[in-house]
Amino acid sequence: MTPELFFLLASVLFSIGLVGLVSRKNLFVLYMSIELMLSAVNLLLATFSKVLNDANGSVIALLIIAVIAAEAVLFLAMIVHIYRTSRSVDSDHLNKLREGAENA
Amino acid sequence: MLSFIVILPFLSAFLMGVVYLENTKKKRYSFYTLVGVGTPAISTVLSFILGSQLLTGSDTIHDTLFQWIDIGDFNISVAFMADRLSVVMISFITFIGTLIHIYAAGYMKEDENYGKFFTYFNLFMGSMLLLVLADNPIMMFVGWELVGLSSYLLIGFYHKESSNITAANKAFILNRVGDFGFIMAISLLFISLEGSGFTFDSIKENITMIDHETLSLIGILLFVGAMGKSAQIPLYVWLPDAMAGPTPVSALIHAATMVTAGVYMVARYSFIYIEIPDIGLFIATIGASSALFAAIIASYQSDIKKILAYSTMSQLGYMFMAVGIGAYSSGIFHVFTHAFFKALLFMGAGAVIIALHHEQNIFKMGGLKKELKLVYITMFIATLAISGIPPFAGFFSKDAILVTAFASEHYILWGMGSLTAMLTAFYMFRLLFTVFHSQSTETKKVHAVPAAMTAPLVILALGSATVGFLGANEAYGGSAWINTFLALPDAALSISHTKEYMLGGMNVLLALLGMGLAYKLFAKEAQEVKVDTLFKKVVVNKFYIDEIYGFFVLKPLLILSHFIAEVMDPKIFDGFINFNVWGYRKSALFFSKLQNGKVRYYALYILIGVSGMSCYLLLKLGVL
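Residues numbered from 1 in each chain as written. Chains lettered and ligands numbered in written order. Predicted model: local features only at pLDDT ≥ 70, side-chain atom pairs only at ≥ 80, totals over all residues.

Student: Hey, could you go over the overall build of chain A for me, with residue numbers and the actual values?
Tutor: Each helix and strand in chain A was counted, giving three helices and zero strands. Going from N to C terminus, chain A has its helices and strands arranged as α-α-α. The C-alpha atoms of chain A give 17 Å as radius of gyration, which overshoots the globular expectation for 104 residues (13 Å, by more than 25%). Along the first, second and third principal axes, the C-alpha atoms of chain A reach 55 × 25 × 20 Å. Looking at the 104 residues of chain A, the share that counts as buried comes to 12%. Sequence-distant contacts, at least 24 apart, represent 43% of the contacts inside chain A between residues at least 6 apart. (Helix = DSSP H or I, 4+ residues; strand = E, 2+ residues; numbered from the N terminus. Rg over C-alpha atoms; globule rule 2.2 N^0.38 Å. Buried ≥ 20, exposed ≤ 12 C-beta atoms within 10 Å, placed from the backbone. Contact = placed C-beta atoms within 7 Å.)

Given below as structure tokens:
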């Protein structure tokens, strides 16, 4: 198992996350895409930790996993709240900051 | 003291202006009269004192008020200079001006803008004095422009009628055409002198620095200025229209101020004109043509003030003829005598107009001999003077000009001058006989003429009868005192006394002929000009000059202006700007689409941005 494979996997995961973020409207999918990108970065950290023989990378990766868990709570709560106020989980509806938005 | 002559009228104009603006409705008849008439009177006294100083020796008096501009070689002072020429000018300007002011106090008494009138009037006097007493061409130009401004204000004084405003604009704009020539001339003069002083004295000293061609050009351009101000062909058309102003204004414009400025200027720059006799001849030709042309028109006019206006133009023609052939003293002498009788004629005409409740058509007047006896006598004297009947003033000055023209062997000019002399007598006596002798067609109650208006007439009548002796030639027992006093660089001409008597006699004969013709035609009963022949039609319509100017100057200008206003400006210039605006709007619309409030697009922009930066970094670092 060469580290290049892990780099490739991380890149692919990150790209899938990015494309998902740009092309989908559902807030849940967006959330999952963001998580995917975070995970890709995490994987990269872990890989470098292994390659460079440095435990710091693994420590940060573990820390990030904890942060992701906390973030998931907040994110999901926010999505629920958004659904309660606007009866929709479509991200395109959330354009109130735009001046003169037609479907605010 | 010299400065005070000029400053006083300006100060009083300022004072009256402030007082008038404080309350425009309030009648302050005695205040305005005291200040408005008093100041020119003081100026008159000062001018006479100055004149006596020059008589007893001193050559020129300089008086510098302050340095105006001082940049390297270019330094202009607000300075005044009185030499013999300007002293003669200011003496009669202030004297006759004061008389006209007194007259105006009577004439304008009922006017609600009495204060404004005297403000302008004093400004006019001050401007003219500034022009005459200026020590350098720049100051002269300031006076020149101020004269134009005040004439504009006064011609349009009855501003409630739009035709008067048109007349005022016409005068102002035509004067601007002349001013263009004047300012070009002084600029050229300044450049050619290469900074060796710009007062009249230093210009005179350094005049040899300038080559003949440049000097000719300067001479012509200066004369263009004179044409405008002194109403010569082709810039004269404003003068008859300037009659729209109150009659005292006409008197002031025609006698003391404004129109004489051109002749004065040519005499002031005589040191230039003696170098360029061919330009002088051109001036003389224009003068003679204007004289004859105006005399022909005047013979067929029926408005009393227009006749006098054309007669002024005609007399100015004589003056230019004189200064053109190099007889500067004779020209100035004619300015001097003309001021007396022309002021008198205008003031007499004003009295008649007032008496007949603002009637100006001479053919609706008639038989006023008895009712207006004083006006009749004084106007008769003025008419004799302008027609050149000895011993009245006009004879000597006009004769001096015609004799010079004859002696300098410009027989065509002399012939035109003599013909004009006959026509002058004809149209002036036509006016006089029609107004005072002929049977009145309509009898009107004659309005009383106040003493303030008749007293100046008497003084001027005395002047018109006697001032001629000041310049009487040797042939007539005088010593041409005024010529000696002026000491201008006159062309030296000699002519035998016999010839002089013959010429003088011929002038008198011609004048009498014109007078007799006028008597025969108009003394018993006068009839309005019948337009039956083509010639009469052309003359009555003033040779259609206004129409020709309208067609050849105004119309193309209007068409051009319309083209610019309706095609060039909205299509080309606005079009260019509008095109730019359209471009900005379009690009702005495009960019505003990017900011659509959708979160995933923003994520895309971040993606593009980050990718761009990453690519840049990678390329820079040489990884790829």
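Student: Describe the overall build of chain B, with residues and values.
Tutor: Scanning chain B from N- to C-terminus turns up 24 helices and two strands. Across its three principal directions, the C-alpha atoms of chain B cover 120 × 60 × 55 Å. Within chain B, the proportion of its 624 residues that are buried is 50%. The contacts in chain B between residues at least 6 apart in sequence include a share of 81% that link residues at least 24 apart.

Student: Describe the environment of Leu65 of chain B, and please don't skip the residues or the numbers.
Tutor: Residue and element names in this part refer to chain B. Mapped onto the elements of the fold, Leu65 is located in strand 1 (residues 61-71). Sequence separation of Leu65 and Tyr376 is 311 residues, and the distance between their C-alpha atoms is 46 Å. In this structure Leu65 touches Ser3, Val78 and Ala79, once residues within four positions along its chain are discounted.

Student: A description of helix 15 (residues 328-355) of chain B should follow, citing residues and the corresponding values.
Tutor: All names here are of chain B. Taking 1.5 Å as the rise per residue, helix 15 with 28 residues should run 40 Å; its terminal C-alpha atoms sit 40 Å apart, in good agreement. The largest bend along helix 15 reaches roughly 30° and is located at His338. At the C-terminal side of helix 15, His357 shows a positive phi close to 55°. (Expected span 1.5 Å × (residues − 1). Bend = angle between axes of the 7 residues up to and from the residue.)

Student: Explain the pairing of strand 1 of chain B to me, and be specific about the residues and the numbers.
Tutor: Residues and elements named next belong to chain B. Across nine bridges, strand 1 lies against strand 2 (residues 74-82) in antiparallel orientation. Residue pairing for strand 2: Ile61 is matched across the bridge by Ala82. Turn length for the strand 1-strand 2 hairpin, with the two strands adjacent in sequence and antiparallel, is two residues, and the turn residue Gly72 shows positive phi of about 60°. (Pairing = 2+ DSSP bridges.)

Student: Kindly report on the interface of chain B and chain A, identifying the contributing residues and their values.
Tutor: Contact residues are listed per partner, giving nine residues for chain B and 11 residues for chain A. A breakdown of the residues in the side of chain B that touches chain A according to their chemical character gives four nonpolar, three polar and two charged. (Nonpolar A, V, L, I, M, F, W, Y, C, P; charged D, E, K, R; others polar.)

Student: Tell me what's going on with helix 8 (residues 212-229) of chain B, and back it up with residues and numbers.
Tutor: Residue and element names in this part refer to chain B. Across its 18 residues, helix 8 extends 26 Å between first and last C-alpha, which sits within 8% of the 26 Å expected from 1.5 Å per residue. Along helix 8, the residues classified as buried are Leu215, Ile218, Gly219, Leu221, Leu222, Phe223, Val224, Gly225, Ala226, Met227, Gly228 and Lys229. Those residues of helix 8 hidden inside the fold are in contact with helix 6 (162-193), helix 11 (260-268), helix 12 (270-273) and helix 13 (277-298). The first or second residue beyond helix 8 is Ala231, which carries a positive phi of 55°.

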